[in-house]
Amino acid sequence: MAASIAYVGGHLQYGVNFCMGQSYKQAIWVPSVTFNGCLQRELSWSCGVSKFLQIRKCNLFRSRTNENWKSFGTVITSAYLRDGSTKYFDFAVIGSGVAGLRYALEVAKHGSVAIITKAEPHESNTNYAQGGVSAVLCPSDSVESHMQDTIVAGAYLCDEESVKVVCTEGPDRIRELIAMGASFDHGDDGNLHLAREGGHSHHRIVHAADMTGREIERALLEAVVNDPNISVFKHHFAIDLLTSQDGSDTICHGIDALNTETQEVVRFISKVTLLASGGAGHIYPSTTNPLVATGDGMAMAHRAQAVISNMEFVQFHPTALADEGLPIKPKKTRENSFLITEAVRGDGGILYNLSMERFMPLYDERAELAPRDVVARSIDDQLKKRNEKYVLLDISHKLREKILSHFPNIANECLQHGLDITQQPIPVVPAAHYMCGGVRAGLQGETNVHGLYVAGEVACTGLHGANRLASNSLLEALVFARRAVQPSINHMKSSSLDLSASSLWTRPLVPKSLGSDVMHKILRITKEVRKELQSIMWKYVGIVRSTSRLQEAEQKIGKLEAKWETYLFEHGWQQTMVALEACEMRNLFCCAKLVVSSALARHESRGLHYMTDFPDLEESKRLPTVIFPSSHTTGTWSSRQLHQQPIVKSMV
């Protein structure tokens, strides 16, 4: 791949040319964030991405061979970890959800693995996934049907090859989980009980009651704990990827992380890095995501020159528990909304407004079984028209025993707040749930950054298109985590690094020198700024959008970010300083800007992206939105890597 960069009229132009003769239209960079709303291509997503991301023949990087770097064994560990500040591994995995754990278990057969996770290992979006995993496991179902459902839900923006890969390989990935000890629900006939959810034409959802993610996470974590080649570093917040430049190529060498318990910065040098850090739900005030989902991986990858795609497609889950409608209100505000799984509607749940009028048939002939984007917009419309704060989801007409056996977790949560779902409707409201966009990946999880792979919600594989089909996310994570294994092993075996590489990057600083009073002020202001950013995103970049409101959001976010950064630096903050809250804040700003810019670039309504001034779907605009790498010389603190980028020659 050859890259051409030139400044034109004060803006940065970035063109990408394939060795195979195809090329993308040049994208124009604007200050801070760049987008290409109308990517010109004749190739399919996966074909184009494969050529863009896989073919390295034009300028293939190989660092010099070092005989001492053939294995990250105990010798290296004892020789180079005397201060504990630098650790060496064959593979570094950022994130402990299903994608990271599944990948780690496979690559651990070929080398040493570090799993770097922000909180406790189980604290991931996987753990909160209630509904299940979709896969073709019934004789009456077919891969073609699953593909069609996925493409229809994705508003025909899905890449067909990616969809085919996931739907075809999915059943084997489920069987592997079962072989590893994951326990799923079975019917009276002894076969797996397959549920149905919105957008699916068949019963194909494998589940463990309404706690499927928790069961998968349990099985994978148990296997990880028992694997001697895997080391888990909990409470380690990934700050930035460590990269270098070789001409136009960017190479990843690991990451810097902050041990949030000891407040020490730890450097992980690795031959291969997998980003499996999840989504960015907390750019919004109401989200089903756990508190750790602050877009860290997407922001890190963007700063490290990775290509980002389809960030405008934010999926709002139509049914999160509306605490305001509960008989007994929670004593304190939740950090994340409690999800009422799609499977409740799939099992016959009916949506009503507060006048007990069923409204979904007015919006879509599929009624409650319509895809999530349709249901979320319908609820949003009802709330705005009627000036109400929530709607009702009723499953009480079903048999009590079935409700309690299918949804024990939901029933228990509601009962704690005085609501019996076997007799009363559940108050629900939409909440930010899933990012369909992310770091652009090829069919093997590869990115345009050498040595960097992605899987799970942080990745944009082309599977989801403009809207994720229910229960396809865990499936995608499993399939692409597994597909990234062999190319990762190949890269690991062909790569060597100088053991002195750790000293080539500036070390991030923990701001102890600022004193507790200053840090208290900075943290207080950062907390306020975070809430303000979330408010802007909810108000201007929510379920229904318009060009004028998106432009207003862009201006407001820019001013808020500048104000916050000015406050930090006026109080002694330095470019290389790191603290959990500040680093999360810069990642939230980065992801919010990526979403807004991508949304402004799409002049149509497709899937999750609905524009009042462009209400129609335009066939000519059925193209992914692509954000190309930025210039390191421009942008805010939030958009820069915290360390200096060395030139590869200094490592030789």
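Note that the structure is predicted; figures quoted are calculated from it, not measured.

## Some details on unusual backbone geometry
Excluding glycine, most residues fall at negative phi; most peptide bonds, likewise, are trans.
(1) Moving on: For methionine 356, which is not glycine, the phi torsion reads 60° and is therefore positive.
(2) Moving on: Summarising the element assignment, methionine 356 is placed in the loop between strand S15 (350-352) and helix H10 (360-363).
(3) Moving on: Positive phi is not limited to glycine here, since asparagine 387 has a value of about 55°.
(4) Moving on: Of note, asparagine 387 is situated in the loop between helix H11 (372-386) and strand S16 (391-394).
(5) Moving on: For asparagine 387, a relative accessible area of 71% gives the class exposed.

## Quick word on the packing of aromatic side chains
(1) Moving on: Counted by the stated rule, this structure contains twelve aromatic pairs.
(2) Moving on: Judged by centre distance (4.9 Å) and plane angle (75°), the rings of phenylalanine 233 and phenylalanine 268 are edge-to-face. Pair noted here: phenylalanine 233 is in strand S9 (residues 230-233) and phenylalanine 268 is in strand S12 (residues 264-275), with a separation of 35 residues, a long-range link.
(3) Moving on: The class for phenylalanine 268 is buried, based on a relative accessible area of 1%.
(4) Moving on: Taking 6.0 Å as the distance between ring centres and 80° as the angle between the ring planes, the aromatic pair formed by tryptophan 573 and tryptophan 637 counts as edge-to-face.

## Here's the deal with the sheet that holds strand S17 (residues 426-435)
(1) Moving on: With antiparallel pairing, the four strands of this open sheet are ordered in space as S14-S17-S16-S15. Sheet topology places strand S14 (314-321) and S15 at the edges, where each strand pairs with a single neighbour. Here the strands of the sheet are splayed against their neighbours by 45° on average, with no regard to which way each runs.
(2) Moving on: With three bridges connecting them, S15 and S16 associate as antiparallel partners. Counterpart to tyrosine 352 in the pairing with S16 is leucine 392.

## A word on the pattern of salt bridges
(1) Moving on: Applying the stated criterion to the full structure yields 39 salt bridges.
(2) Moving on: Across the pair glutamate 106 and arginine 102 runs a salt bridge, and its minimum N-O distance is 3.0 Å. With glutamate 106 and arginine 102 both in helix H3 (residues 98-107) and four residues apart, the pair spans about one turn of that helix. For the pair shown, glutamate 106 and arginine 102 are each scored as buried.
(3) Moving on: For arginine 175, the salt bridge identified is with aspartate 172, shortest N-O distance 2.9 Å. Here the residue arginine 175 and the residue aspartate 172 both occupy positions in helix H6 (residues 160-179), the gap between them amounting to three residues, near one helical turn.
(4) Moving on: Since its relative accessible area comes to 45%, arginine 175 is described here as partly exposed.
(5) Moving on: The class of aspartate 172 is partly exposed, set by a relative accessible area of 40%.

## Overview of a positive patch on the surface
(1) Moving on: The grouping of Lys539, Arg549, Lys556 and Lys559 at the surface amounts to a positive patch.
(2) Moving on: No other element matches the three residues that helix H17 (residues 547-570) contributes to the positive patch.
(3) Moving on: Positionally, lysine 556 belongs in helix H17.
(4) Moving on: According to the relative accessible area criterion, lysine 556 is partly exposed, its value standing at 33%.

## Let's talk about the sheet that holds strand S7 (residues 194-195)
By definition, the strands of a sheet pair up through backbone hydrogen bonds, in either a parallel or an antiparallel sense.
(1) Moving on: Ordered in space as S6-S8-S7, the three strands form an open sheet in which the pairing is antiparallel. On the outer flanks of this sheet lie strand S6 (133-134) and S7, each paired with one strand and no other.
(2) Moving on: As judged from the two bridges shared by S6 and strand S8 (residues 205-206), these two strands associate in the antiparallel manner. Across the sheet, valine 133 pairs through a bridge with valine 206, a residue of S8.

## Things to note about the UniProt feature "active site" (unreviewed entry) in the protein
(1) Moving on: The sites that UniProt annotates as "active site" (unreviewed entry) are Arg372.
(2) Moving on: Looking at the element boundaries, arginine 372 is found in helix H11.

## Structural notes on the packing of H3 against helix H7 (residues 212-225)
If you want to describe how two helices pack, look at the angle between their axes and the distance between the axes.
(1) Moving on: H7 packs onto H3 with a crossing angle of 35° between their chain directions and a minimal axis gap of 10 Å. Where H3 crosses over H7, the handedness of that crossing is left-handed. The segment H3 lies against H7, with Val98, Leu101, Arg102 and Leu105 engaging Ile216, Glu217, Leu220, Leu221, Ala223 and Val224.
(2) Moving on: Here the residues of the contact of H3 with H7 are counted per class, giving eight nonpolar, no polar and two charged.

## A few points about H3
(1) Moving on: The element H3 is largely enclosed, with a buried count of ten among its ten residues.
(2) Moving on: Taken together, the buried positions of H3 are occupied by Val98, Ala99, Gly100, Leu101, Arg102, Tyr103, Ala104, Leu105, Glu106 and Val107.

## Notes on the pairing of S14
(1) Moving on: Among the eight residues in S14, eight count as buried, and that is most of the element.
(2) Moving on: Pairing analysis gives six bridges linking S14 to S17, with the strands arranged antiparallel. The residue bridging histidine 317 from the neighbouring strand is alanine 431, located in S17.

## A look at the environment of aspartate 380
(1) Moving on: Within the secondary structure, aspartate 380 sits in helix H11.
(2) Moving on: Overall, aspartate 380 belongs to the buried group, its relative accessible area being 14%.
(3) Moving on: Separated by 163 residues in the primary sequence, aspartate 380 and isoleucine 543 place their C-alpha atoms 7.5 Å from one another.
(4) Moving on: Leaving out residues up to four positions away in the same chain, aspartate 380 has contacts with Ile543 and Val544.

## Considering the environment of isoleucine 525
(1) Moving on: Looking at the secondary structure, you find isoleucine 525 in helix H16 (residues 515-540).
(2) Moving on: Along the primary structure isoleucine 525 and tryptophan 564 are separated by 39 residues, whereas in three dimensions their C-alpha atoms are 7.7 Å apart.

## Considerations on the state of the cysteines
(1) Moving on: Within this structure, the stated rule accounts for zero disulfides.
(2) Moving on: Lacking any disulfide linkage, cysteine 590 is separated from the closest cysteine sulfur, that of cysteine 591, by 5.4 Å.
(3) Moving on: Residue cysteine 590 is classed as buried on the basis of its relative accessible area, which comes to 3%.

## Comments concerning the nonpolar core
(1) Moving on: With 80 residues, the main nonpolar core has Met537 and Trp573 as its most contacted residues.
(2) Moving on: Among the elements that make up this core, the one with the highest residue count is helix H18 (residues 580-601) (13 residues).
(3) Moving on: Leave out the neighbours within four places in its chain, and tryptophan 573 touches Pro511, Leu514, Met519, Ile522, Leu568, Val578, Ala579, Ala582 and Trp637.
(4) Moving on: In terms of nonpolar packing, the next biggest core, distinct from the first, is built from 52 residues, Val93, Ala104, Ile115 and Ile489 among them.

About the thresholds
Residues numbered from 1 in each chain as written. Predicted model: local features only at pLDDT ≥ 70, side-chain atom pairs only at ≥ 80, totals over all residues. Heavy atoms only, no water. Helix = DSSP H or I, 4+ residues; strand = E, 2+ residues; numbered from the N terminus. Buried < 20%, exposed > 50% of the residue type's maximum accessible area, 1.4 Å probe, protein only. Phe/Tyr/Trp six-rings, centres within 6.5 Å; stacked < 30°, edge-to-face > 60°. Pairing = 2+ DSSP bridges. Axes fitted to C-alpha atoms, helices over the stretch in contact; angles between N-to-C directions. Salt bridge = Lys/Arg side-chain N within 4 Å of Asp/Glu carboxyl O. Patch = residues over 30% accessible without salt bridge, like charges linked within 9 Å, V, L, I, M, F, W, Y side chains within 5 Å. Areas by Shrake-Rupley, 256 points an atom, 1.4 Å probe, with all protein chains shown as cover. Lys, Arg positive; Asp, Glu negative; His and termini not counted. Charge placed at Lys NZ, Arg CZ, Asp CG, Glu CD. UniProt positions renumbered as here; feature names shortened; annotations may be inferred. Left-handed = near helix turned anticlockwise from the far one by under 90°. Contact = heavy atoms within 4.5 Å. Nonpolar A, V, L, I, M, F, W, Y, C, P; charged D, E, K, R; others polar. Disulfide = S-S within 2.5 Å. Core = buried A, V, L, I, M, F, W, Y, C linked by side-chain atoms within 4.5 Å.

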